[in-house]
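Observations on chain architecture
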Amino acid sequence: MPKVLIVDDAAFMRMMLKDILVKNGYEIAGEAPNGLKAVELYKSENPDVVTMDITMPEMDGIQAVKEIKAIDPNARIIMCSAMGQQAMVMEAIKSGAKDFIVKPFQPERVLEAIKKVLG
Amino acid sequence: MDMSQYLDMFLEESYENLQNLNEDILGLEKNPEDKDLINAIFRAAHTLKGMAGSMGFSDIAELTHKMENVLDKFRNDELKVTSEVITILFRCLDTLEKMISNIQNGSNEIVDINEIMLQLQSIVDSKNSDKHVEKKNLDDFKLNEYDINIVKQAYEKGYKVYKVDVELIKDCVLKSARAFLVYKTLESIGEIVKSSPSIEDIEQEKFDLTFSIVVISDKQKETIEGMVLAISEIKKVNVDLIENVKNEIKENEDKKDQTAVEKAAAENIKNSKEDEKNTKKTHQSVRVDIERLDKFMNLVGELVIHRTRLEQISNNHRLNDLHETLEQVGRITTDLQDLVMKVRMLPIERVFNRFPRMVRDLAQELNKDIEFIIEGEETELDRTVIDEIGEPLVHLIRNAVDHGIEPVEERIKKGKNPKGVVKLTAYQEGNKAVIRIDDDGNGFNLDKIKKKAQSLGIDTEGMSNNDIKNLIFLQGFSTSDKVTDISGRGVGMDVVKTKIASLGGTIDVVSEFGKGSSFIIRLPLTLSIIQALLVKVGSETLAISLGFIDRVINVNINEIKLTNNKEVIMYRGSIIPVVRLADRLNLVESDNSEKYVVIVKVGEKTVGLIVDSLFGQQEIVIKSMGKTLQSLKEYVGATILGDGLVTLIVDVAALV
């Protein structure tokens, strides 16, 4: 069962993603409210996929992508973005994010992205 | 998807974000150049938008989106922070709050957002109009000489050149980023010669659903197809091997230029991202339904009651073994109590937070210049108190701003600083939390209060100045000459006092005419479990909260004297008025001439309560009296003692 690390500063968003994933047979490796915690959890939990919000306190999603990529160049990270964050999504892609999903989340899109990055 | 299960969380987090927005925008007005603040505001608005969108509250999402547009202008220095813009942003927040509270109340009332949307749009338009997104038609691929050269070289080295046509799904959002992802993916397996539209146009979303990229790679056609298809939201991909590259037409831009532009764009993104870094700390926490905490508290309360009963039984039967174990249990329950009490405590910040905005609005409305200072917002209080204290504080602060602080001209005439100061302070004092509201305004006019008292038929003869000032807490007492929207209708101060008393607290006023006034509120830190002194009046056992008790003395009935028709005792050179509990509570006093006086302090007032005997100190759990007995104003509740006896707890504040 692939393990997913959910990163978002809104507990609400994390809960939604978690529900979508768990219902579809994914395991949750952990939840992080900011980039700092995400990097920490990435090291300890070694998840298969990370869903990464962009705007977060402490450390934003882009910096977190960079740091996680530095630890594991093969890390699979999916950005969670909102409309209007185009430039930041591109920056994240440059930093090594594999895909992105756009809020408001549609469960099928979330699942498609995750399935695809897992190959 | 059923969203109702998320509603509570959505509401709570939305309110939190709104609160942050309120604070930060207020801060922004003071420091218009603060980039960190702008970013924090942007982030909060953004989070709100995301959540509302997910919940299907499209109005909220739309409005926050518009707000973001304005904030973005701040961020890019395209728009100056003016108080006009701030006011519109505040209006936005009010609208959002109304919408969210409508959702909370299940109300179907539709908040009209058109007007506010237009206002926001006018801000955005005022500086520069929306970028026009031109959708370029996709022409055929045009390779210039330089490109052709590269392609030729590639062939010579055994690489293949592919033209990759990609079509995105219809409702794809962030098309540029999506296309960019494709671009990046292809770049990872080879070299990109050209794209149509150009990479800049792709970045600026100047394309419809399709775009093409020419890439040099040593990979197979199928591999490339597979890689592009592994990206989500791609509808179709078509990879063609290019063999004939000669008859292509020149185009002005060459690839070098593109990369330069791309670099610059990347630089830009980096810079704006740097600003994104944020300083606000978040702490680890778990959200718990308050009902569960109440239940927890209640259960701990029950445990305490039964522990006391067990202790009593063990004492009665002199069971040493049991006694030791019970002591252990006692320690644990005490810890447990402390813990549950702390869990229920919240910093008063939650209440204080909304005042800076309120004072700002009021000051603007009244044309006064006011500095509002908050101190000790980290002071913790029981959740119930936090929930209830807001309303009385609103009243007091409004009063301070409206009646306390004088208009600017008047202050100048009096030689005061034209800027008035209103200060809100919280701190802990023993087992009480104190909240003070100080202003350096006009203070209370004693003569005016006396006159008003006379007109209401209150005799102020023999009253201390302090007592006279405290008359303002009586019903229907307002000394304001004019009634305004904000305050002065004479309902209020008595409501404030009643509310605070119901929380087991007291309020006092200290004021000097011409210099200012202070309201001092003292509140218990926790509500449910207290240390109490058990006393006997006649055959009845009563509990008095230790929090009020200053000392207990022994007196003979002859020492109680009469002055002004009121009973007093002399104690260490001061005269203390006394209240016979038996009379007040309709009990029968014992004939014993030796009595005890429990001296209690309620705010600045000291009063002695006469009781027959003392029974000891004990931890008691306050149980509310329920609806039927609610009219008994003399008691705050009841408790169950170790022997199973139900005992009433005296409401000291109501008796003195």
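Residues numbered from 1 in each chain as written. Chains lettered and ligands numbered in written order. Predicted model: local features only at pLDDT ≥ 70, side-chain atom pairs only at ≥ 80, totals over all residues. Heavy atoms only, no water.

Strand pairing in a sheet relies on backbone hydrogen bonds. The paired strands run either parallel or antiparallel. All names here are of chain B. Across the sheet, 6 strands lie side by side as β14-β18-β19-β17-β16-β15; this open sheet has mixed pairing. Edge strands, defined here as strands with exactly one partner in the open sheet, are β14 (549–556) and β15 (561–563). Taking the axes of each pair of neighbouring strands and ignoring which way they run, one obtains an average angle of 40 degrees across the sheet. Direction of pairing for strand β18 (residues 594–602) relative to strand β19 (residues 605–611): antiparallel, over a ladder of 7 bridges. Within β19, the residue paired with Y596 across the bridge is V611. (Pairing = 2+ DSSP bridges. Helix = DSSP H or I, 4+ residues; strand = E, 2+ residues; numbered from the N terminus. Axes fitted to C-alpha atoms, helices over the stretch in contact; angles between N-to-C directions.)

This paragraph deals with the environment of V600 of chain B. Residues and elements named next belong to chain B. Mapped onto the elements, V600 comes out in strand β18. Given a relative accessible area of 0%, V600 falls into the buried group. Put simply, V600 and I549 are 51 residues apart on the chain and 4.3 Å apart in space, counted from C-alpha to C-alpha. If we skip the residues at most four places from it in the chain, V600 touches F548, I549, D550, K605, T606, V607, L609, V652 and V656. (Buried < 20%, exposed > 50% of the residue type's maximum accessible area, 1.4 Å probe, protein only. Contact = heavy atoms within 4.5 Å.)

Residue and element names in this part refer to chain A. What UniProt calls "modified residue: 4-aspartylphosphate" (unreviewed entry) maps, in this numbering, to D53. Considering the arrangement of structural elements, one finds D53 in strand β3 (residues 49–53). Among all residues touching D53, those that are not within four sequence positions of it are V7, D8, D9, G61, M79, C80 and K103. (UniProt positions renumbered as here; feature names shortened; annotations may be inferred.)

Attention now goes to the pattern of salt bridges. Residue and element names in this part refer to chain B. The full count for this structure, using the stated rule, is 37 salt bridges over all chains. Put simply, R522 and D508 hold a salt bridge, and the shortest N to O gap is 3.9 Å. Here D508 lies in strand β10 (residues 506–512) and R522 lies in strand β11 (residues 516–524), a separation of 14 residues in the sequence. Comparing R522 with D508, the two get one shared label, buried. For E567, the salt bridge goes to R580, with nearest N and O atoms at 2.9 Å. Note that E567 is positioned in strand β16 (residues 566–571) and R580 in strand β17 (residues 574–580), a separation of 13 residues in sequence. A cluster of three or more residues bridged by salt bridges with shared partners is formed by E406, E410, R411, K414, K416 and D440. (Salt bridge = Lys/Arg side-chain N within 4 Å of Asp/Glu carboxyl O.)

Moving on, we get to the sheet that holds β11 of chain B. Residues and elements named next belong to chain B. Ordered in space as β6-β8-β9-β11-β10, the 5 strands form an open sheet in which the pairing is mixed. Edge strands, defined here as strands with exactly one partner in the open sheet, are β6 (370–375) and β10. On average, adjacent strands in this sheet sit at an angle of 10 degrees to one another, irrespective of strand direction. Set on the sheet, helix α14 (residues 355–366) makes contact with β6 and β8 (420–429); between it and β6 the angle comes to about 170 degrees. Sheet contacts for helix α15 (residues 383–404): β6, β8, β9 (432–439), β10 and β11; angle to β9, the most-contacted strand, approximately 20 degrees.

All names here are of chain B. Summed over all chains, the structure comprises 6 aromatic pairs over all chains. Geometrically, the ring pair formed by F180 and Y183 is stacked, given 6.5 Å between the ring centres and 5 degrees between the ring planes. Of this pair, F180 and Y183 are both found in helix α7 (residues 175–187), 3 residues apart, which corresponds to roughly one turn of the helix. In this pair, the class of F180 matches that of Y183, namely buried. Plain terms: the ring middles of F207 and F211 are 5.6 Å apart, the flat faces sit at 85 degrees to each other, and that makes the pair edge-to-face. When sorted by exposure, F207 lands in the same class as F211, which is buried. Its guanidinium or amino end placed over the ring of F90, R357 lies 4.0 Å from that ring's centre, counting from NZ or CZ. (Phe/Tyr/Trp six-rings, centres within 6.5 Å; stacked < 30°, edge-to-face > 60°. Lys NZ or Arg CZ within 6 Å of the ring centre and 35° of its normal.)

Working note: regular strand, side chains alternate between the two faces of the sheet. Residues and elements named next belong to chain B. A large share of β10 lies buried, amounting to 5 of its 7 residues. Of the strand pairs in this sheet, β10 and β11 are connected by 7 bridges, and their pairing is antiparallel. Paired with S511 across the two strands is S517, which belongs to β11. If you look at the hairpin formed by β10 and β11, you'll find 3 residues sitting between the two strands, and G514 has a positive phi there, around 90 degrees.

A few words now on the packing of helix α2 (residues 35–55) of chain B against helix α3 (residues 58–75) of chain B. Residues and elements named next belong to chain B. α3 packs onto α2 with a crossing angle of 160 degrees between their chain directions and a minimal axis gap of 9 Å. Taken together, α2 and α3 sit at an angle that is classed as roughly antiparallel. The chirality of how α2 crosses α3 is left-handed. Between α2 and α3, the residues in contact are K35, I38, N39, I41, F42, A45, H46, L48, K49, A52 and G53 and I60, A61, T64, H65, E68, L71, D72, F74 and R75, respectively. (Parallel < 35°, antiparallel > 145°, perpendicular 65-115°, else oblique. Left-handed = near helix turned anticlockwise from the far one by under 90°.)

Next up on the list: the packing of α3 of chain B against helix α4 (residues 83–104) of chain B. Residues and elements named next belong to chain B. Running from N to C, α3 and α4 point in directions that differ by 160 degrees, and their axes come no closer than 11 Å. When the axis of α3 is compared with that of α4, the two are roughly antiparallel. Like other packed secondary-structure pairs, α3 and α4 cross with a definite hand, here left-handed. Where α3 abuts α4, its residues D59, I60, L63, T64, M67, V70, L71 and F74 lie against V85, L89, C92, L93, T95, L96, M99, I100 and I103. Of the residues in the contact of α3 with α4, the class split is 14 nonpolar, 2 polar and 1 charged. (Nonpolar A, V, L, I, M, F, W, Y, C, P; charged D, E, K, R; others polar.)

This part is about unusual backbone geometry. Cis geometry marks the peptide bond from K103 of chain A to P104 of chain A, where omega comes out at -5 degrees. For P104 of chain A, the location among the structural elements is in the loop between β5 (99–102) and α5 (107–118). Positive phi, close to 70 degrees, is recorded for E58 of chain A, a residue that is not glycine. Inspection of the secondary structure puts E58 of chain A in the loop between β3 and α3 (61–71). Of note, R318 of chain B is a non-glycine position whose phi angle comes to about 50 degrees, a positive value. When you line up the elements, R318 of chain B lands in the loop between α11 (290–317) and α12 (320–344). In this structure R318 of chain B comes out as exposed when scored by relative accessible area, which is 74%.

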